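So you can see what is in the structure, the chains are spelled out below.
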Amino acid sequence: MNNVSNQAKKFLAESVSSFGLESSEMMVVWSLRHFTDCISSNENPRDLFSLCTEQHNLPDITFIFEEITFAIKVGATEKGVIGGEFCNHLHYGEYKTLAALYFLQNDNYASARELFSSWLKPEESRIVYKLMISLSIILEKADLLIPPRKEFQSVWRPH
């Protein structure tokens with residue numbers, strides 16, 4: 001096992017389970033989970049999400065998260081890539097989404113695109129990639145930057 005894979009496992013074991021994530025990362029993970037849960041329960045995700053946008057001084061980006069989570073639900077090649085709202089560990093899709101946002105915020109478009117094509121069907125991969133470009137810009141303007149992590153360079157797959 002290579003050193004980067006070991007770093008990724010250590011990060012997930014120490015930071016993610018204890019929610020030692022930056023606020024930008026927590027906002028993204030919670031949003032993905034919230035919208036995914038609302039798709040399953042047929043609830044309206046907008047009310048609770050409006051508190052999130054207000055807290056982080058964001059414009060209404062509800063439609064972006066709705067479209068991203070729907071495309072992930074339809075296009076994921078495996079089940080369970082997004083966790084439930086009260087799940088205590090990071091899931092594969094969440095991890096890859098954070099890594100992609102980091103790459104996009106740092107103008108590494110090829111790496112971000114590759115991350116989506118490895119676990120989404122081609123059409124949904126294209127959709128999510130384009131939506132994530134917009135999301136990355138909005139988050140960057142709100143100073144919600146995804147921190148650099150060596151783990152994002154890993155080929156290791158979390159749960």
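First things first, this report covers the structure right here in the doc. (Residues numbered from 1 in each chain as written. Predicted model: local features only at pLDDT ≥ 70, side-chain atom pairs only at ≥ 80, totals over all residues. Heavy atoms only, no water.)

### Some points on the overall build of the protein chain
Looking only at helices and strands, the protein chain features 7 helices and 0 strands. Partitioning the intrachain contacts of the protein chain with sequence separation of at least 6 by distance along the chain shows that 73% fall at a separation of at least 24. Surface exposure of the protein chain reaches about 8200 Å², of which carbon and sulfur atoms provide 51%. (Helix = DSSP H or I, 4+ residues; strand = E, 2+ residues; numbered from the N terminus. Contact = heavy atoms within 4.5 Å. Areas by Shrake-Rupley, 256 points an atom, 1.4 Å probe, with all protein chains shown as cover.)

### Focus: the layout of surface pockets
There is about 260 Å³ of room inside the largest pocket. Every residue lining the largest pocket is counted, 13 residues in all, and those nearest its centre are Thr36, Ile72, Lys73, Gly80 and Val81. Broken down by secondary-structure element, the contributors of at least two residues to the lining of the largest pocket are helix 2 (23-41) and helix 4 (62-75). Among the residues making up the lining of the largest pocket, the classes are represented as 5 nonpolar, 5 polar and 3 charged. (1 Å grid on protein atoms, 1.4 Å probe; cavity = no way out; pocket = protein on both sides within 12 Å on 5 of 7 lines; lining within 4 Å. Points joined across faces, edges and corners; volume = space filled by probe spheres on them. Nonpolar A, V, L, I, M, F, W, Y, C, P; charged D, E, K, R; others polar.)

### Some remarks on the side chain of Thr97
Within the fold, Thr97 resides in helix 5 (residues 92-105). Every residue in contact with Thr97, bar those within four places of it in the chain, is listed here: Val28, Leu32, Ile72, Trp119 and Met132.

### Observations concerning the pattern of salt bridges
Close approach of charged atoms allows side chains of opposite charge to pair. Taken as a whole and assessed by the stated rule, the structure comprises 4 salt bridges. Glu94 serves as the salt-bridge partner of Arg33, at 2.7 Å between the closest nitrogen and oxygen. Of this pair, Arg33 sits in helix 2 while Glu94 sits in helix 5, placing them 61 residues apart in sequence. Here Arg33 and Glu94 have matching classes, each one buried. Two residues, Arg46 and Glu66, come together in a salt bridge whose shortest N-O distance is 3.0 Å. With Arg46 in helix 3 (residues 46-55) and Glu66 in helix 4, the pair connects residues that are 20 residues apart, well separated along the chain. You can call Arg46 partly exposed: its relative accessible area is 35%. (Salt bridge = Lys/Arg side-chain N within 4 Å of Asp/Glu carboxyl O. Buried < 20%, exposed > 50% of the residue type's maximum accessible area, 1.4 Å probe, protein only.)

### Notes on helix 4
Helix length check: helix 4 (14 residues) gives 20 Å between terminal C-alpha atoms against 20 Å at 1.5 Å per residue, within 8%. For helix 4, the complete set of buried residues consists of Thr62, Ile64, Phe65, Ile68, Thr69, Ala71, Ile72 and Gly75. Here the buried face of helix 4 lies against helix 2, helix 3, helix 5 and helix 7 (122-141). (Expected span 1.5 Å × (residues − 1).)

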